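# Overview (structure and organization)
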Amino acid sequence: MSDPRMAEHMPLLTEPWDIAVAKRFVTAKEATWQRDGLGHWAILADGSYVGWGGFQKEGDEWDFGLVLRPDAFGLGAAITRAALDFARADPRIAFVTFLLPPSRRNLGALARLGARFVGEVEHAGASFRKFRLEMD
């Protein structure tokens, strides 16, 4: 999260990423597991940490997010497919939303998944493009 290439596409990352910010972040993500019974995972490939992602409840919707280390960008499609298979098997999740910042220009992967554009939304003071994917 301290890599400038990451921060460029993360409008909610508004302060320097240091140990105190990381601890607050992890505490907040762990709280979603307590509140909703689901949240984000640390993602490993061949035993090495490559990023984090998963599902977070936003109101009545389950939002999917994925943040990978730059050297693991090529793993995004496979990780997303596995996560969506998990969502399809979870009776709580009828659909998944994706919030992408306006800086993200390549949206072809969402179209290939079958996600449809819902509209522009504001979340935590930042603008995002919202997409929705039905799980049936």
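The text that follows walks through the structure, step by step, so that each part is easy to find.

Rules behind the numbers
Residues numbered from 1 in each chain as written. Predicted model: local features only at pLDDT ≥ 70, side-chain atom pairs only at ≥ 80, totals over all residues. Heavy atoms only, no water. Phe/Tyr/Trp six-rings, centres within 6.5 Å; stacked < 30°, edge-to-face > 60°. Helix = DSSP H or I, 4+ residues; strand = E, 2+ residues; numbered from the N terminus. Buried < 20%, exposed > 50% of the residue type's maximum accessible area, 1.4 Å probe, protein only. Core = buried A, V, L, I, M, F, W, Y, C linked by side-chain atoms within 4.5 Å. Contact = heavy atoms within 4.5 Å.

## Description of the packing of aromatic side chains
- Enumeration over the complete set of coordinates arrives at eight aromatic pairs.
- Residues Trp-41 and Phe-55 carry aromatic rings whose centres are separated by 6.0 Å and whose planes lie at 90° to one another, so their mutual orientation is edge-to-face. With Trp-41 in strand S1 (residues 40-45) and Phe-55 in strand S2 (residues 48-58), this residue pair connects regions lying 14 residues apart in the sequence.
- Between Phe-55 and Phe-86, the ring centres sit 6.3 Å apart and the planes meet at 20°, which makes this aromatic pair stacked.

## Looking at unusual backbone geometry
- Of note, Asp-46 is a non-glycine position whose phi angle comes to about 55°, a positive value.
- Within the element layout of this structure, Asp-46 appears in the loop between S1 and S2.
- Asp-46 gets classed as exposed once you look at its relative accessible area, which sits at 86%.

## A word on the nonpolar core
- Judged by nonpolar contacts, the single largest core of 16 residues is most densely connected at Phe-55, Ile-93, Val-96, Phe-98 and Met-135.
- If you list the elements that add at least two residues to this core, you get strand S3 (61-68), helix H3 (76-89), strand S4 (95-100) and strand S6 (126-134).
- Ignoring any residue separated from it by four or fewer positions in sequence, one finds Val-96 in contact with Phe-55, Trp-62, Phe-64, Leu-84, Ala-87, Phe-131, Arg-132, Leu-133 and Met-135.

Nothing here speaks to function; it is geometry throughout.
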